[in-house]
Amino acid sequence: MVGSEIHIKLNNLSVGYNTGRHQRTIIPNIGLEAPRGSLIALVGANGTGKSTLLKTLAGLQPPLQGDIEIQGKPLLQYSRPELARKLSFVGTHYDMHAMMRVHQVVSYGRYPYTNIVGRLHEYDREQIRKAMHDTGIFHLRDAFVGEISDGEKQRVLIARSLAQDTDIILLDEPTAFLDVRNKFEVLHLLGRLAHERQKIIMFSSHDLQIVLGTADLLWFIDHKKIIQGLPEELVLKNTINELFRHSEVFFDPDENEFRIQRQHNFAVNLQGEGALYKWTQRALDRLHIKVAHQKDLPEVTIEEHNGEINWIVAYEQKTQRFQALEELIRFLYSLGLAQ
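Quick caveat, the model's predicted, so the values are computed rather than measured.

Draft legend 1. The arrangement of the sheet that holds strand E17 (residues 318-322) in detail. Here we have five strands laid out as an open sheet, ordered E14-E13-E15-E16-E17, and mixed in their pairing. In the strand order of this sheet, the two ends are held by strand E14 (289-291) and E17, each with one partner. Strand-to-strand twist in this sheet, taken as the mean axis angle between neighbours without regard to direction, amounts to 30°. With three bridges joining them, strand E13 (residues 266-271) and strand E15 (residues 299-305) adopt parallel strand pairing. Each bridged residue has a counterpart across the sheet, and for Gln-271 the counterpart in E15 is Thr-301.

Draft legend 2. Quick peek at unusual backbone geometry. We note that Gln-71 has phi near 50°; this positive angle belongs to a residue other than glycine. By the secondary structure assignment, Gln-71 is in the loop between strand E4 (65-70) and strand E5 (73-74).

Draft legend 3. Quick peek at the pattern of salt bridges. A complete count under the given rule lists 15 salt bridges for this structure. Taking the shortest distance from any N to any O, the salt bridge between Arg-155 and Glu-185 comes out at 3.3 Å. You can see Arg-155 sitting in helix H5 (residues 150-163) and its partner Glu-185 sitting in helix H6 (residues 180-197), a full 30 residues away along the chain. In this structure, Glu-185 and Arg-181 form a salt bridge, with 3.0 Å as the shortest nitrogen-oxygen distance. Linking Glu-185 with Arg-181, this pair stays in helix H6, spanning four residues, or about one helical turn. A single network of salt bridges, built from pairs that share partners, joins Glu-122, Arg-125 and Arg-129.

Draft legend 4. Geometry of the environment of Gly-307. Checked against the element boundaries, Gly-307 lands in the loop between E15 and strand E16 (308-315). Placed 270 residues apart in sequence, Gly-307 and Gly-37 show a C-alpha to C-alpha distance of 46 Å.

Draft legend 5. How the structure looks around the sheet that holds E5. Taking strand neighbours across the sheet as the criterion, the four strands line up as E2-E1-E4-E5 in an open arrangement whose pairing is antiparallel. Every other strand in the sheet has two partners, leaving strand E2 (22-35) and E5 as the edge strands with one partner each. In this sheet, E4 lies alongside strand E1 (residues 6-19) in antiparallel orientation, the contact comprising five bridges. From the neighbouring strand, Ser-14 faces E4, where its bridge partner is Gln-65. On top of the sheet, helix H1 (residues 50-57) reaches E1, E2 and E4; it is set at about 115° to E1, its chief contact.

Draft legend 6. View of the pairing of E13. Burial within E13 is extensive, with five of its six residues counted as buried. Of the strand pairs in this sheet, E13 and E14 are connected by three bridges, and their pairing is parallel. Note on E14: the bridge partner recorded for Phe-266 is Ile-289. Crossover E13 to E14 through helix H10 (residues 274-286) is right-handed.

Draft legend 7. Representation of the nonpolar core. With 45 residues, the main nonpolar core has Val-102, Val-106 and Ile-240 as its most contacted residues. When residues no more than four places from it in sequence are discounted, the contact partners of Val-102 are Met-132, Ile-137, Leu-140, Arg-141, Ala-143, Ile-148 and Val-156. In this structure, Leu-10, Ile-40, Ile-68 and Leu-75 belong to the second largest nonpolar core, which totals 29 residues.

Draft legend 8. Structural view of the side chain of Ser-88. Here Ser-88 is to be found in strand E6 (residues 87-90). Within the structure, the side chain of Ser-88 is placed 3.0 Å from the side chain of Thr-166, a separation counted as a polar contact. The contact partners of Ser-88, leaving out residues within four places of it in the chain, are Ser-161, Gln-164, Thr-166, Ile-168, Ile-169 and Leu-170.

Draft legend 9. Quick peek at H10. The terminal C-alpha atoms of H10, which comprises 13 residues, lie 19 Å apart, in line with the 18 Å expected from a rise of 1.5 Å per residue. Taken together, the buried positions of H10 are occupied by Tyr-277, Thr-280, Ala-283, Leu-284 and Asp-285. Just past H10, the residue His-288 takes up positive phi, approximately 70°.

Draft legend 10. Broad picture of the layout of surface pockets. Estimates place the volume of the largest pocket at around 280 Å³. Residue lining of the largest pocket: 13 residues in total, with Leu-87, Ser-88, Phe-89, Tyr-111 and Gln-164 positioned closest to the centre. Grouping the constituent residues of the lining of the largest pocket by class yields eight nonpolar, three polar and two charged.

Draft legend 11. Molecular detail of the environment of Thr-48. Considering the arrangement of structural elements, one finds Thr-48 in the loop between strand E3 (38-43) and H1. Sequence separation between Thr-48 and Leu-335 is 287 residues; the distance between their C-alpha atoms is 48 Å. There is a polar contact of 2.6 Å between the side chain of Thr-48 and the backbone oxygen of Ala-45.

Draft legend 12. Quick look at the packing of H10 against helix H11 (residues 325-334). For the pair H10 and H11, interaxial distance at closest approach is 11 Å and the crossing angle is 45°. By the angle between their directions, the pair H10 and H11 is classed as oblique. The two elements H10 and H11 cross, and the hand of that crossing is right-handed. Every residue of H11 that contacts H10 at Thr-280, Ala-283 and Leu-284 is listed here: Leu-325, Ile-329 and Leu-332. Residues belonging to the contact of H10 with H11 are distributed by class as follows: five nonpolar, one polar and no charged.

Criteria and cut-off values
Residues numbered from 1 in each chain as written. Predicted model: local features only at pLDDT ≥ 70, side-chain atom pairs only at ≥ 80, totals over all residues. Heavy atoms only, no water. Pairing = 2+ DSSP bridges. Helix = DSSP H or I, 4+ residues; strand = E, 2+ residues; numbered from the N terminus. Axes fitted to C-alpha atoms, helices over the stretch in contact; angles between N-to-C directions. Salt bridge = Lys/Arg side-chain N within 4 Å of Asp/Glu carboxyl O. Contact = heavy atoms within 4.5 Å. Buried < 20%, exposed > 50% of the residue type's maximum accessible area, 1.4 Å probe, protein only. Right-handed = clockwise from strand over helix to strand, strands pointing away. Core = buried A, V, L, I, M, F, W, Y, C linked by side-chain atoms within 4.5 Å. Polar contact = N/O pair within 3.5 Å; in protein donor to acceptor, adjacent residues only side chain to side chain. Expected span 1.5 Å × (residues − 1). 1 Å grid on protein atoms, 1.4 Å probe; cavity = no way out; pocket = protein on both sides within 12 Å on 5 of 7 lines; lining within 4 Å. Points joined across faces, edges and corners; volume = space filled by probe spheres on them. Nonpolar A, V, L, I, M, F, W, Y, C, P; charged D, E, K, R; others polar. Parallel < 35°, antiparallel > 145°, perpendicular 65-115°, else oblique. Left-handed = near helix turned anticlockwise from the far one by under 90°.

Read these as spatial facts, not as claims about activity.
See the structure below:
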């Protein structure tokens, strides 16, 4: 649940790059606040500055203008060891050597708290074990990084940041290269950790459809500005579709999914209900057949009996029955209705 205590405050912040004598501003004049106990998704098209903003917040590159406050203190006033106790950054798993063991990677999260030789005490080892338990990888503790899956590697990096015990965790594309199941599981894990441990967890992502069902807040980058809001609010205000305004892709709020605006060759009158209706309509739409409720069109009725699906076409006083969707569509095109 989103809290009221502010842990990150951006004051007139501009991010980008200094290239020689020139300055390239990617996002100017950002003024936002991030409350604790929230999972925040940073979304936007490629090149809009998601990674640049995350790296600036993490202190990995300097801001071009303005300042960042972490728990009421300017970021630039933190020493590196102090900042490492407040904020952790999770990049890609490619910075882990394949021959490292999982528990070794996770143990690196304790470096801000160890002495110069990196000696771990019992409390450190307890934090490492807890981080591996919380991320579901304790059983992999002795496995080599090269032996585990991409989804498990992502959990190892999250465990390392949990062992670091910071109030703020920033992640750059944590669901990239993961299958659908792992995408959902990783984001569900991040949301649970944000809520239960009252952390700010901010991540960048291209997986909008998954993000809309998991994030507490969206920071939506468009036209060099960031719009903040609840995911549902940005859907209702059509902000999400702004990302696709020059594309055939659009977000359908009724179906809660991204779809392609297609040109249709002809239309049919589809009769049915539930999942049978929805998935038949999707197949027809994909193959450029529009569903429209007009009496003069071929009528397609869906029936199911004892687990057997039938599509019945009625047109010009003739009736035809099909048990395969592919056969139905082939027949519809054979009627010569295409314009």
